[in-house]
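Read off the chains here:
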Amino acid sequence: MAENEAAEGAQQQQPPQVQMRVLGQFIRDLSFENVMAQKGASGDVQPDVNVQVNLDAKKRSTENQYEVAIKLNIESKAKELGETLFVFEIDYCGIFHVEGVAEDQLHPFLLIECPRMLFPFLRRIVSDVTRDGGYPPLNLDNIDFVALYRNELARLQAAQQQQADA
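Residues numbered from 1 in each chain as written. Predicted model: local features only at pLDDT ≥ 70, side-chain atom pairs only at ≥ 80, totals over all residues. Heavy atoms only, no water.

Things to note about the side chain of threonine 130
Next, step 1: Summarising the element assignment, threonine 130 is placed in helix α3 (residues 103–132).
Next, step 2: A polar atom in the side chain of threonine 130 sits 2.9 Å from the backbone oxygen of valine 126.
Next, step 3: Discounting chain neighbours no more than four positions away, the residues touching threonine 130 are Phe32, Phe86, Phe88, Tyr135, Pro136, Pro137 and Leu138. (Helix = DSSP H or I, 4+ residues; strand = E, 2+ residues; numbered from the N terminus. Polar contact = N/O pair within 3.5 Å; in protein donor to acceptor, adjacent residues only side chain to side chain. Contact = heavy atoms within 4.5 Å.)

Considering the layout of surface pockets
Next, step 1: Each pocket or cavity is described by its volume, and for the second largest pocket that value is around 210 Å³.
Next, step 2: Lining the second largest pocket are Val53, Asn54, Leu55, His107, Leu111, Leu148, Tyr149, Asn151, Glu152, Leu153 and Leu156.
Next, step 3: Elements supplying a minimum of two residues to the lining of the second largest pocket: β2 (47–59), α3 and α4 (145–165).
Next, step 4: Per element, the largest residue contribution to the lining of the second largest pocket is 6 residues, and it comes from α4. (1 Å grid on protein atoms, 1.4 Å probe; cavity = no way out; pocket = protein on both sides within 12 Å on 5 of 7 lines; lining within 4 Å. Points joined across faces, edges and corners; volume = space filled by probe spheres on them.)

A closer look at α3
Next, step 1: End to end, α3 covers 43 Å across 30 residues, agreeing with the expected 44 Å (1.5 Å per residue, within 8%).
Next, step 2: In the structure, α3 departs most strongly from a straight axis at phenylalanine 109, where the bend amounts to approximately 45°.
Next, step 3: Just downstream of α3 lies glycine 134, where phi reads positive at about 100°. (Expected span 1.5 Å × (residues − 1). Bend = angle between axes of the 7 residues up to and from the residue.)

So, empty space enclosed by the protein
Next, step 1: With the rule as written, the count across this model stands at 1 cavity of 30 Å³ or more.
Next, step 2: Reported here for the largest cavity is a volume of approximately 30 Å³.
Next, step 3: Residue lining of the largest cavity: Arg28, Asp56, Ala57, Lys58, Glu67 and Ala69, and that is the complete set.
Next, step 4: Mapped onto the lining of the largest cavity, the elements with two or more residues apiece are β2 and β3 (65–78).
Next, step 5: Counting residues per element, the lining of the largest cavity draws most heavily on β2, which supplies 3 residues.

Structural notes on the pattern of salt bridges
Next, step 1: Going through the model one piece at a time under the given rule, you end up with 8 salt bridges.
Next, step 2: Of the charged contacts, one joins glutamate 67 and arginine 60 as a salt bridge, the two residues approaching to 3.7 Å between their closest N and O atoms.
Next, step 3: In this structure, arginine 131 and aspartate 132 form a salt bridge, with 3.1 Å as the shortest nitrogen-oxygen distance.
Next, step 4: A relative accessible area of 60% means that aspartate 132 is categorised as exposed.
Next, step 5: If you follow the salt bridges from partner to partner, you end up with Arg28, Arg60, Glu67 and Asp91 in one network. (Salt bridge = Lys/Arg side-chain N within 4 Å of Asp/Glu carboxyl O. Buried < 20%, exposed > 50% of the residue type's maximum accessible area, 1.4 Å probe, protein only.)

Some points on the packing of aromatic side chains
Next, step 1: If you walk through the whole model with that rule in mind, you get 5 aromatic pairs.
Next, step 2: Residues phenylalanine 32 and tyrosine 135 carry aromatic rings whose centres are separated by 6.5 Å and whose planes lie at 70° to one another, so their mutual orientation is edge-to-face. A residue pair is termed long-range when its members are at least 10 positions apart, and phenylalanine 32 in strand β1 (residues 19–33) and tyrosine 135 in the loop between α3 and α4 qualify at 103 residues.
Next, step 3: Put simply, the rings of Phe32, Phe86, Phe88 and Tyr135 pair up and form one aromatic cluster.
Next, step 4: Of note, lysine 59 hangs over the ring of tyrosine 66, and the distance from its end group to the ring centre comes to 5.1 Å. (Phe/Tyr/Trp six-rings, centres within 6.5 Å; stacked < 30°, edge-to-face > 60°. Lys NZ or Arg CZ within 6 Å of the ring centre and 35° of its normal.)

Quick word on the side chain of glutamine 65
Next, step 1: Residue position: glutamine 65 is located in strand β3.
Next, step 2: For glutamine 65, a relative accessible area of 15% translates into the label buried.
Next, step 3: Not counting chain neighbours up to four residues away, the residues in contact with glutamine 65 comprise Leu23, Lys59, Arg60, Ile95, Phe96 and His97.

Functional significance is not addressed by these values, which are geometric in nature.
Below you can see the structure in the form of structure tokens.
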């Protein structure tokens, strides 16, 4: 009988199992401005691609549901002349059902694990749109969402410190 009580006590002490399901994903906003084609220019140029990534997460009205967005701003310029080839902006969202994550771990979970799930689909969209725009497909490198999260925390802490010093 003591063994059963010990086993039950061990089960009660274990943290709840983390559950995450992607309920849906969609493009909220997409813009592809093909500057080079609008100017009537063509030819082989070496592109210099700049990618900016922003993340956002918010609670939805349904319990345990969250909306996570990855916003990419991509600008490609010709290396030699510095002229803009194209500008690509996309806001890609996922709806997630998340349970079993401690409250103090929810924010990093939403901004690290959820974007990891969305990224392969976002990468394919970027590749397809740039190819359909007349360029070689842009295959984005993997994004280190942990480093991105840590950098944002450091930036926020530095901003808070500056406000405190002022």
